[in-house]
Amino acid sequence: MKHIFKPGKDESKPVLLLLHGTGGNEQDLIPLADIIDPEAPVLSVRGNVLEHGMPRFFRRLAEGVFDEEDLVFRTRELHDFLDEAAQKYGFDRGNIVAVGYSNGANIAGSLLFHFGKVLKGAILHHPMVPRRGIDLPDLHGLNIFIGAGTNDPICPPTESEDLGALLGGAGAEVHFHWEQYGHQLTYSEVERAAEWYKATFHD
Ligand code: MLT
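This write-up is about the structure you can find in this document. (Residues numbered from 1 in each chain as written. Predicted model: local features only at pLDDT ≥ 70, side-chain atom pairs only at ≥ 80, totals over all residues. Heavy atoms only, no water.)

**Side note on the sheet that holds strand S8 (residues 96-101)**
Taken in spatial order, the 7 strands make up an open sheet running S1-S3-S2-S8-S9-S10-S11, and their pairing is mixed. Two strands lie at the open edges of the sheet, namely strand S1 (3-6) and strand S11 (173-179), each paired on one side alone. Strand-to-strand, the axes of this sheet are offset by a mean angle of 10°, without reference to chain direction. Sheet topology places strand S2 (residues 15-19) next to S8; 5 bridges connect them, and they run parallel. What sits directly across from Leu19, in S8, is Gly100. Across the sheet, helix H3 (residues 103-115) touches S2, S8, strand S9 (121-125) and strand S10 (143-149), and the angle it forms with S8 is around 140°. Sheet strands touched by helix H5 (residues 187-201): S2, S8, S9, S10 and S11. Its angle to S10, the strand with the most contacts, is close to 170°. (Pairing = 2+ DSSP bridges. Helix = DSSP H or I, 4+ residues; strand = E, 2+ residues; numbered from the N terminus. Axes fitted to C-alpha atoms, helices over the stretch in contact; angles between N-to-C directions. Contact = heavy atoms within 4.5 Å.)

In structure tokens:
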């Protein structure tokens, strides 16, 4: 997968796995990594699917309606890519925290739904439930931040709430942060995520 890897100033820090939203690319979320932890290694990946020229991490049939077969295929593809990247760049495969926005948050959620504790934690900005009607693996010990907007028309609040309930039901520690806005990722939401990250992984 097309990606950027930036070695960290402190190699013991979790690798921040950056996953962009629809129409974004591997450059988009680099500024978030600097806010969350400027010393952390960064692996920023571009989704392999194109929708009218816009990169995504998996296909959808309509807005909010996912192509499940492609979702499962692409989730495995990203999972396998993480294995390869850990070998290639020499980082600890068990020390990855995902930071995803919108479609990127959805593939991060899908990694957890299908592969369990392949991430150490996740910051999910405006996520949805990637897939319904499946049993989730054990997620005890996983820390998850969900940031969402009460007026988000693309990712309705119930989607983020349901996702949090499903992850929590499987044992994950889920922390919610709500903004009174829509689908956009605001600076204050990123700041709250960074505070949560520092409290969860450093203190
Ligand atoms: C998705 O397709 O993953 C969600 O609807 C959000 C988005 O537009 O990326």
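Text resumes after the structure shown.
**Section: the side chain of Asn103**
Tracing the sequence through the fold places Asn103 in helix H3. Given a relative accessible area of 2%, Asn103 falls into the buried group. Within the structure, Asn103 has its side chain in polar contact with the backbone nitrogen of Phe57 (distance 2.7 Å). Residues in contact with Asn103, not counting those within four places in the same chain, are His20, Gly21, Thr22, Arg56, Phe57 and Phe58. (Buried < 20%, exposed > 50% of the residue type's maximum accessible area, 1.4 Å probe, protein only. Polar contact = N/O pair within 3.5 Å; in protein donor to acceptor, adjacent residues only side chain to side chain.)

None of the figures reported here should be taken as evidence of function without further support.
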